[in-house]
Amino acid sequence: MTSVRTRFAPSPTGYLHLGGLRTALFTYLYARKHGGKFILRIEDTDQEREVPGAVQLIYDSLRAAGLEYDEGPDVGGDYGPYIQTQRKDTYLPYAMQLVESGHAYPCFCTREELEERRAAAAARGETFKYDKHCLGIPRQEALRRMQSGEPYVIRQNIPAEGIASFDDLLFGHIEAECSTLDDNVLIKQDGLPTYNFANVIDDHLMGITHVTRGTEYLSSAPKYNLLYEAFGWTPPVYIHLPVVMKDATRKLSKRYGDPSFEDLLSMGYLRDAIINFIALLGWSPGNDREFFSKEELIEAFDEKGLNKSPAIFNMDKLTWFNAEYIRRLSPEEYLELATPWFDRALGGRGIDYCRLAELMQGRTEVFNRVPDMVRFLAEMPGYENELYVNKKQKSTLESSLDALKFMLPVLEEVKPWQETALHDTVMQAIAEAGRKNGPVLWPLRIAISGQASTPGGAIEIAYLLGREETLARIRAAIERLTAALQTA
RNA sequence: GGCCCCGUGGUCAAGCGGUUAAGACAUCGCCCUUUCACGGCGGUAACAGGGGUUCGAGUCCCCUCGGGGUCACCA
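The model shown is predicted, which means the values in this text are computed figures rather than measured ones. (Residues numbered from 1 in each chain as written. Chains lettered and ligands numbered in written order. Predicted model: local features only at pLDDT ≥ 70, side-chain atom pairs only at ≥ 80, totals over all residues. Heavy atoms only, no water.)

1. Overview of the protein's contact with RNA strand B
Thinking step 1. Near RNA strand B, the surroundings consist of 61 residues, among which Thr45, Lys188, Glu290, Arg363 and Lys392 are the closest.
Thinking step 2. At the protein interface, 71% of the atoms of RNA strand B within 4 Å belong to sugar or phosphate.
Thinking step 3. Thr45 is positioned with one of its side-chain polar atoms (N or O) 2.5 Å from a phosphate oxygen of RNA strand B.
Thinking step 4. Ser453 is positioned such that a nitrogen or oxygen atom in its side chain is 3.1 Å from a sugar or linking oxygen of RNA strand B.
Thinking step 5. Looking at the surface near RNA strand B, the elements with two or more residues in it are α4 (111-123), β4 (153-156), β6 (172-177), α6 (195-205), β11 (311-312), α11 (315-327), α17 (437-449) and α18 (458-465).
Thinking step 6. The greatest single-element share of the surface near RNA strand B, amounting to 5 residues, is contributed by α11.
Thinking step 7. Looking at the surface near RNA strand B, its residues break down into 20 nonpolar, 22 polar and 19 charged. (Near = heavy atom within 4 Å. Polar contact = N/O pair within 3.5 Å; in protein donor to acceptor, adjacent residues only side chain to side chain. Helix = DSSP H or I, 4+ residues; strand = E, 2+ residues; numbered from the N terminus. Nonpolar A, V, L, I, M, F, W, Y, C, P; charged D, E, K, R; others polar.)

Here's what the structure looks like:
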């Protein structure tokens with residue numbers, strides 16, 4: 001019984017998008033679930049598309065996601081190198097072996113010639129398929145031309161007839177008519193292999209037992225199996241994963257402004273919340289459980305729960321997960337994570353972050369929303385007097401002015417300016433005056449916050465604001481209401 | 001267009017021939033409450049359509065429709 005080896009094999013063409021992250025996650029979970037190895041391989045055979053820095057971005061993102069790999073370019077391993085361009089010399093001999101056995105052949109057709117024929121086929125409304133023109137060149141002549149330095153590629157020689165097939169753990173047995181398959185390029189003119197060839201060679205050489213990848217490879221997988229057969233190798237177990245969609249018709253894509261994993265992290269989504277949410281996109285534990293730590297995912301993961309249809313990425317649900325994860329943080333953890341966001345709005349104001357954190361933790365969905373929620377503590381925002389009017393609290397402009405005039409002297413006497421003292425003094429005064437809480441506390445909160453919604457009630461806000469600021473805001477509100485009522 | 005794949009509420013998703021077709025997000029209403037949020041309770045909302053097979057079909061088969069993928073010297 002050979003042990004499981006899975007691999008995540010991204011191209012360094014940019015950030016790690018969420019579909020890629022999910023593929024990586026499932027690949028990782030499968031390996032861990034079965035006590036196997038999770039390997040990272042960089043597929044950079046298309047030098048033109050490579051984006052500088054993207055390789056590092058992949059390392060960073062996988063680490064940030066907590067998907068530690070056992071083998072890879074920057075961690076080593078017995079099957080390296082793990083970057084395909086560094087394996088350049090390993091591919092051609094295998095291709096030549098196929099040429100010898102008749103499963104592949106060199107092709108000297110130029111791009112221009114092919115482009116013309118492709119265009120002509122399109123004009124006739126046909127699907128272009130390479131006509132095996134160069135297959136007719138005698139072996140010796142072909143080899144001579146190759147050695148003479150003439151540019152060439154090596155193509156896979158797909159049988160004219162018959163069925164190519166493979167078995168997928170998720171999709172089952174998939175077949176393709178050989179006659180519909182094209183003789184794809186295996187080795188490009190620059191000597192590097194195409195994905196079509198490299199994935200087969202490397203997966204075999206690296207001992208990969210389970211290939212997990214997106215469904216975009218579903219229709220070309222039969223061709224890859226033809227290659228395994230030609231070499232006499234045992235193909236891996238395939239698991240093709242459905243794509244992650246933005247909506248019913250579009251894939252998630254950076255081009256449309258959809259966030260990458262890194263984007264979500266910098267917006268203030270928690271790593272574990274993202275992973276938890278992503279895991280449930282296209283996979284179900286079979287029951288209605290929703291919360292899983294990474295360890296619990298490993299324990300619960302089962303390919304039987306994989307869904308075959310594409311899943312739409314639902315930001316609202318992610319946000320809900322995030323809010324739940326934030327609530328489960330310890331107060332200390334929350335304070336630490338929230339502090340930089342508090343600083344953006346309140347830096348240097350001397351606000352009691354500890355108390356603010358307590359008030360904010362249950363109200364934080366995503367950290368990037370925090371600054372706007374607390375900014376009023378630093379600066380009194382502009383607001384409409386209509387905010388004072390609240391039917392349920394029995395509050396009007398007149399009653400508000402009255403309540404504020406009543407509260408000002410009460411608050412001026414509060415010592416020390418602590419929350420319990422504030423609370424007790426205010427509540428006692430309200431009770432002794434025979435007033436109701438609502439008509440007093442509603443306008444008070446509006447007067448010192450200028451907002452309909454705040455983290456905490458009037459007492460908490462007054463405490464956070466401090467004595468001088470609170471009293472100043474109340475006095476300003478009294479003036480403002482007095483003026484407004486006179487005009488009216 | 002050819003070939004391949006997919007199709008349960010707006011979204012995720014359970015269901016694997018017999019269920020009043022779960023649950024979650026979102027949404028709506030009520031309660032709690034010095035605001036908002038949290039929390040509690042409740043509501044609206046789905047088997048794409050049509051044929052079969054079967055005593056019985058969301059579950060099996062076929063067709064239609066819808067969606068996706070793929071047809072590169074990209075992966």
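Next comes the rest of the description.
2. Observations regarding helix α13 (residues 353-361)
Thinking step 1. Taken across its 9 residues, α13 has 7 buried, putting it largely inside the fold.
Thinking step 2. Within the span of α13, buried status applies to Tyr353, Arg355, Leu356, Ala357, Leu359, Met360 and Gln361.
Thinking step 3. Check the buried side of α13 and you find it contacts α11, α12 (331-346), α14 (370-374), α16 (419-432) and α18. (Buried < 20%, exposed > 50% of the residue type's maximum accessible area, 1.4 Å probe, protein only. Contact = heavy atoms within 4.5 Å.)

3. A short note on the sheet that holds β4
Thinking step 1. Across the sheet, which stays open at both edges, the 3 strands sit in the order β3-β4-β7 with antiparallel pairing between neighbours. Every other strand in the sheet has two partners, leaving β3 (104-107) and β7 (185-187) as the edge strands with one partner each. In this sheet, neighbouring strand axes are inclined to one another by 45 degrees on average, regardless of whether the strands run parallel or antiparallel.
Thinking step 2. Relative to β4, β3 runs antiparallel, the two sharing 4 bridges. Considered in β4, the bridge of Cys107 is made with Val153. (Pairing = 2+ DSSP bridges. Axes fitted to C-alpha atoms, helices over the stretch in contact; angles between N-to-C directions.)

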